[in-house]
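Structural features, examined
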Amino acid sequence: MRECIFIKVLMPKLIIDKREVDAPEGVSVLEAAQSVGIVIPHFCWHPALGKAGACRVCAVKMLDGPVKGIQMSCMLPVQEGMVVSTTDPDAVAMRRQVIEWLMINHPHDCPVCDEGGECQLQDFTIAGGHGIRRFDGPKRTHVNQYLGPNIEHEMNRCIQCYRCVRFYQEHAGGSDFGVMGSAGRVYFGRFEHGPLESPFSGNLVDICPTGVFTDRTARFRARYWDYDMAPSVCPGCSVGCNITPVARYRELLKIVARRNDRVNGWFICDRGRFAPKEANDPLRPRTPLVDGREASWEEAEDALLRRLNEIVELYGEGSVLVVGSSRLPFEGASLLPLLSGVLSSGAPGWFATRRETRAAHAAVSLMTRENGASMADVMNAGCIAIYESDLREEGPMLLLAVRQAWRRGAPVLLVGEHSPLEQTRAVGIEAVQLHYMEEAPLAIFDRPVVIAGTKHGDPEVMAMLDRTGARIAALFPGPNGFGAALLSAEQGGGPVGAALASGRVKGLVAVEADIPAELLEGIPVVAALDWRATSAVQAAAIVLPTTAPVESDGTYVNFEGRAQKFCRVIRPGLPVKGLDPAGHPPRVHEAAPPGGDLRPAWRVISDLVRLAGGTPPEEPLSGRWARLAGLDPEGEGMVLGGRVLPNDA
Amino acid sequence: MRVVDDITAILTGLWTTLKHILRRPVTVQYPEEKRTPSPRYRARIILTRDPDGGERCVACYLCSAACPVDCISMQAEEVEGGRRRAAWFRINFSRCIFCGLCAEACPTTAIQMTPDYEICKRDVMDLVFEKEDLLVAHGGKDARYNFYRHAGIGVTQPRGEGAEERPPVDVRGLLP
Amino acid sequence: MMPDPVEIAFVIAKIGMVLFVILTLAAYLVYAERRLLAWIQDRKGPNRVGPQGLLQPLADLVKLLTKEDVCPPAGDRWLFFLAPAMAAIPAIMTFAIVPFGAPLRLAGRDLPLQVADLNVGLLLFMALSSIAVYGVALGGWASNSKYALLGSLRGLAQLISYELSMGLSLVPAVMLARSFRLSDIVAAQAGCWFILYQPLAFVVFLVSILAECKRIPFDLPEAEGELVAGFHTEYSGMRFGLFFVGEYINIIVLGGLAATFFLGGWHGPVLPGILWFWGKALAFAFLFIWIRGTLPRLRYDQLMHFGWKVLTPLALVNILATAWWLFLTGGA
């Protein structure tokens, strides 16, 4: 609060294009202009990276005030009394000439460039009015490098804005990529061919204003204007980074980062971006199966209920287990207890081991709206302890946030044997290794944050983390881990592994759950609701195919308890690619795409409950979850506190 | 006098039409007589080849974006050597309005209009032309142009050896 | 009085012949109109069916007969079916009174080439042309469609207006011939055609019959540009055909009447009378087509203005002038 007042006192007033603008001290003229919706072309300036003054394209004319004449708006901090014109003929001419200089060496290969259509250089070239190349001298060329299977390098297109190297070295702490050469020979690359080592290298694709770095996994596949896109949430881990999946012809092509300053900022990790596109898998279950035979939905649902009811009659209550998972969207997860109710089984199982279950319960119950640490909190932390977690696995984007905190001077403590030093090395930061949480001197720092992994964390220690006075970020095994832990803790869900191993479970309903094949042996009736070809699907007598996250709307609750909505990108169905052996798409069109008879898990669960005589809610998120139903997929999401929510909402 | 003027006008009109009765009709009796359209006539669309015989079309999607009736669809793919081309390319001539915007948008002069205006089929599905139906063995109107020679990247020639290009920079050189 | 059987046979033969000729001519008039309009517009016109397209009328007939006969569901079914007949039959019946050739002497009898030589022939013509109005009115009303109704309203007003000037323009001819009998009117022109005495009456009559036929420039009841097809918008198949063929029969009949009243009927030098009559009648048909290819359609207010403020007064003045002239020359 004190900070806010402090900033208000120092709010220089300036005039941009005849509009009065109040801007906080320290921001550039470019940002001040953006804050009132005036767009100044820029290449090197990036909100997450700041300024470099390398591209010279953000020229404006200062008409009056402390500075006069043509200035680079990104380099110039606002001052009282500035009068700025972005439309002055001098400024316009300057920008046009800069674009023309940049285009002198830029190849004319837009038709074969994947950036074409989503290229900042293209946009500003056209906007600046440079349509015909006047310089007819030869262009400088470069030799490209192999940068791994994910990123394509085309140095001829480079306009030397330095964004890539600033991101890679300063923001992400990578050391194997840099800038070489001088003058007109400046080269951005590695010393030698080889995959980029940073776990955030994919952001070069997003951040490059032109086509030097393009996504190789979607090379030559589609154009921006043809993309099927929708706001979505990364299903890769419990961080819940905001993404935009890109699809075309019912095929998921690539993942692009989507800005959410509360969660991932501008970037996402390579693990989420270049994850295998499982939604395209031709082996995915696409029709309901009963004993390996294709069946209608009604048949399969009837068979499931009939057989499980037989098991209940034969072995008594509790012989059927319903298993959810951390990747089941919250819509389905919140209905799962109803399904176990109609099947006379106990609380659904969510987590594999007893330790993980207890750690998750402990984590979710000690986190409130106040003490949960968001990514922004991690970035601004004064000290960070990473407790029993390898963030490269459990939440890579937190590692990037940790680096930003470290850059501002926060020490980083790695606690426990499962917090390897390699993870901090991957982002170029130094860390101190400790054995026990008690050793971490969190109290002596301002704004301490503890990042704890439920995978290896000790439940006893987890339960006491709030006593450190630090904000807590607990990492769960899947994108909806917090939601699963919330429901599990409420109903006392037990560990799945132990239940299956005990032999008491005779019937199993696996709802988007990954259960090792050996645990499924000897269970008489296995039913699986899933969109992946998991071991449960392979072992199951009854398979009900569900939609992948990109094929339906849904909600994930991320590690800090933030519920975020994701939207449907693709209409369910087999990708057009591969439908016809001759390579053409089908010539005759049907009303429904082949393999498109998939249903969201919540709907299948709801149907099963209704068929079994229960009364499922009309809408998946209703009752106490109704507040989640109206979430804006492009908003910041809504934080649910683990401890307070059940009574509160 | 107005009445006289009006009657004169009517009689002039009658005389004009009477003269036209004796004039030679301009009608072309189509199936028997055929006109030769100009080479720039906009009818059946083809995909041409570059002087080296390679497919000119790089499947950049500009024609399908320009098409006002959405009759062009395609899928781009990469072939050996980094060349980009259409895995499949389809023009639905039953929807095409022959406006020529696709040919205008084409950056590689691959898609061109021809004067062959006789595109009639008994089955409407026969009007859906695939890439094999569209691809011809010649260069069309601009036979000598090869996009990749001017693109500024190395696909058909080693890097730095295309038109208007300098040899690749020696990044490790220390000279200014 | 027992009618003479030979007389009856002759009358029946004449009726048959007249029907055949009129219907065939009407069909070929359609063809002729299409060819002529095409030539006027530098086109070729129908030339595919038969040599020079001469079988086109037959093809049209087959097409019209095989088309579906549609009655609008909201229409008045019986009136809808009645209207086309009301349009076509009076047109054919009018021809009964037209003398289309010099009387023949056959088997010792005098055989007038005229189906019925009524002493009130001209009045019958006026009566029948009034009945033809019903075809337009009923067709538009029974269709229960806005275009058809608008067309028939226009048609009613137009036909009634121009019937007046048409009737008035014929009065001088009657005054000159001193008879309503058409054979008398023709006989009165043996020396000099009435067109020479009555050029004004002829012009008024000509314009009036153009309007009576609903031909361009007076085709407001049909007016494709604004009313789709006017009063027969909802008609299809042969019912439309009846409207259509009625219009062309009307052209021939009115052309024949114009020839009878003003161009001396079948009178003419050298050639036989029957050829003179048909030549004159078809010349009028050509004129109608030619005018159609030349003039644009009038506006509705222009049409009314022209009928009531120009043609009717002109015809009245002409009657007075004729009377005055007859009085002076002592003709009366």
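Residues numbered from 1 in each chain as written. Chains lettered and ligands numbered in written order. Predicted model: local features only at pLDDT ≥ 70, side-chain atom pairs only at ≥ 80, totals over all residues. Heavy atoms only, no water.

What to know about the interface of chain C and chain B
Counting residues at the interface gives 14 residues for chain C and 15 residues for chain B. Summing both partners gives a buried area of about 1,300 Å² for chain C against chain B, and 63% of it is carried by carbon and sulfur. Area buried by chain C at its contact with chain B is led by Asp42(C), Lys44(C) and Trp290(C), which between them contribute 43% of it. The interface formed by chain C and chain B holds 2 salt bridges in total. The closest approach of N and O atoms between Asp42(C) and Arg23(B), which form a salt bridge, is 4.0 Å. Here chain C and chain B share 9 residue pairs in polar contact (both at pLDDT 80 or more) between them. Looking at the side of chain C that touches chain B, the elements with two or more residues in it are helix H1 (5-40) and helix H11 (273-292) of chain C. Residue composition of the side of chain C that touches chain B, grouped by class: 7 nonpolar, 3 polar and 4 charged. (Contact = heavy atoms within 4.5 Å. Buried area = accessible area lost by both parts, 1.4 Å probe. Salt bridge = Lys/Arg side-chain N within 4 Å of Asp/Glu carboxyl O. Polar contact = N/O pair within 3.5 Å; in protein donor to acceptor, adjacent residues only side chain to side chain. Helix = DSSP H or I, 4+ residues; strand = E, 2+ residues; numbered from the N terminus. Nonpolar A, V, L, I, M, F, W, Y, C, P; charged D, E, K, R; others polar.)

Describing the interface of chain B and chain A
Size of an interface: often given as the accessible area lost when the parts come together. Between chain B and chain A, the residue contacts involve 43 residues of the former and 35 residues of the latter. Around 3,400 Å² of area is buried between chain B and chain A when both sides are counted, 53% of it from carbon and sulfur atoms. Considering only the side of chain B, the residues that lose the most area to chain A are Arg84(B), Arg159(B) and Val171(B), jointly responsible for 18% of the buried surface there. Where chain B meets chain A, there are 4 salt bridges. Across the pair Glu154(A) and Arg159(B) runs a salt bridge whose closest N-O atoms are separated by 2.6 Å. Counting across the chain B and chain A interface gives 25 residue pairs in polar contact (both at pLDDT 80 or more). Of all the elements in the fold, those that place two or more residues in the side of chain B that touches chain A are helix H2 (62-66), strand S2 (72-79), strand S3 (83-92), helix H5 (147-150) and strand S6 (165-168) of chain B. Taken together, the residues of the side of chain B that touches chain A sort by class into 22 nonpolar, 8 polar and 13 charged. Both strand S6 (residues 139-141) of chain A and S6(B) contribute to a ladder of 2 bridges, which runs parallel. (Pairing = 2+ DSSP bridges.)

A short note on the environment of Met103(A)
All names here are of chain A. With respect to the helices, strands and loops of the structure, Met 103 is situated in helix H3 (residues 89-104). Overall, the relative accessible area of 13% leaves Met 103 in the buried class. The spatial distance from the C-alpha of Met 103 to the C-alpha of Pro 617 is 59 Å, given a sequence separation of 514 residues. Those residues in contact with Met 103 that sit more than four places away from it in its chain are Leu 121, Thr 125, His 130 and Arg 133. (Buried < 20%, exposed > 50% of the residue type's maximum accessible area, 1.4 Å probe, protein only.)

A short note on the side chain of Lys280(C)
All names here are of chain C. Turning to its location among the elements, Lys 280 is positioned in helix H11. Despite its burial, Lys 280 pairs with no opposite charge, the nearest such side chain being Asp 184 at 16 Å. If we ignore the near neighbours within four places in the chain, the residues touching Lys 280 are Trp 193, Ala 259, Leu 263, Gly 264, Gly 265, Trp 266 and His 267. (Lys, Arg positive; Asp, Glu negative; His and termini not counted.)

A word on the domain arrangement of chain A
Residues and elements named next belong to chain A. Taken as a whole, chain A is organised into domain 1 (2-102), domain 2 (136-280), domain 3 (289-352 + 485-572 + 594-648) and domain 4 (358-476). When each unit is reduced to the centre of its C-alpha atoms, the spacing between domain 1 and domain 2 is 28 Å. Domain 1 puts 13 residues into the contact, and the matching count from domain 2 is 12 residues. A buried area of about 1,000 Å², summed over both sides, lies between domain 1 and domain 2, and 67% of it is on carbon and sulfur atoms. The three residues of domain 1 that bury the most area against domain 2 are Phe 43, His 46 and Leu 49, which together make up 49% of that side's buried surface. At the surface where domain 1 touches domain 2, the tally comes to 0 salt bridges. (Domains from an automatic or database assignment.)

Notes on the nonpolar core
One broad trend across soluble globular proteins is that nonpolar side chains are buried collectively. Phe213(A) and Ile451(A) are the most contacted members of the largest nonpolar core, which has 139 residues in total. A total of 8 residues in this core trace back to one element, the largest contributor, which is helix H8 (residues 297-315) of chain A. Once residues lying within four places of it in the same chain are set aside, the contact partners of Phe213(A) are Glu115(A), Leu147(A), Ile151(A), Glu152(A), His153(A), Cys164(A), Phe177(A), Leu204(A), Val205(A) and Cys208(A). Judged by nonpolar contacts, the second largest core, of 72 residues, contains Leu176(C), Ile251(C), Ala259(C) and Ala315(C). (Core = buried A, V, L, I, M, F, W, Y, C linked by side-chain atoms within 4.5 Å.)

A look at empty space enclosed by the protein
All names here are of chain C. Tallied over the entire structure, the rule returns 5 cavities of 30 Å³ or more. A volume near 220 Å³ is recorded for the largest cavity. Taken together, 19 residues make up the lining of the largest cavity; nearest its centre are Ala 87, Ala 132, Glu 212, Lys 214 and Asn 250. Elements with a contribution of two residues or more to the lining of the largest cavity: helix H3 (77-94), helix H4 (121-143), helix H5 (146-177) and helix H10 (237-262). With 6 residues, the single largest contributor to the lining of the largest cavity is H10. Residue composition of the lining of the largest cavity, by class: 12 nonpolar, 4 polar and 3 charged. (1 Å grid on protein atoms, 1.4 Å probe; cavity = no way out; pocket = protein on both sides within 12 Å on 5 of 7 lines; lining within 4 Å. Points joined across faces, edges and corners; volume = space filled by probe spheres on them.)

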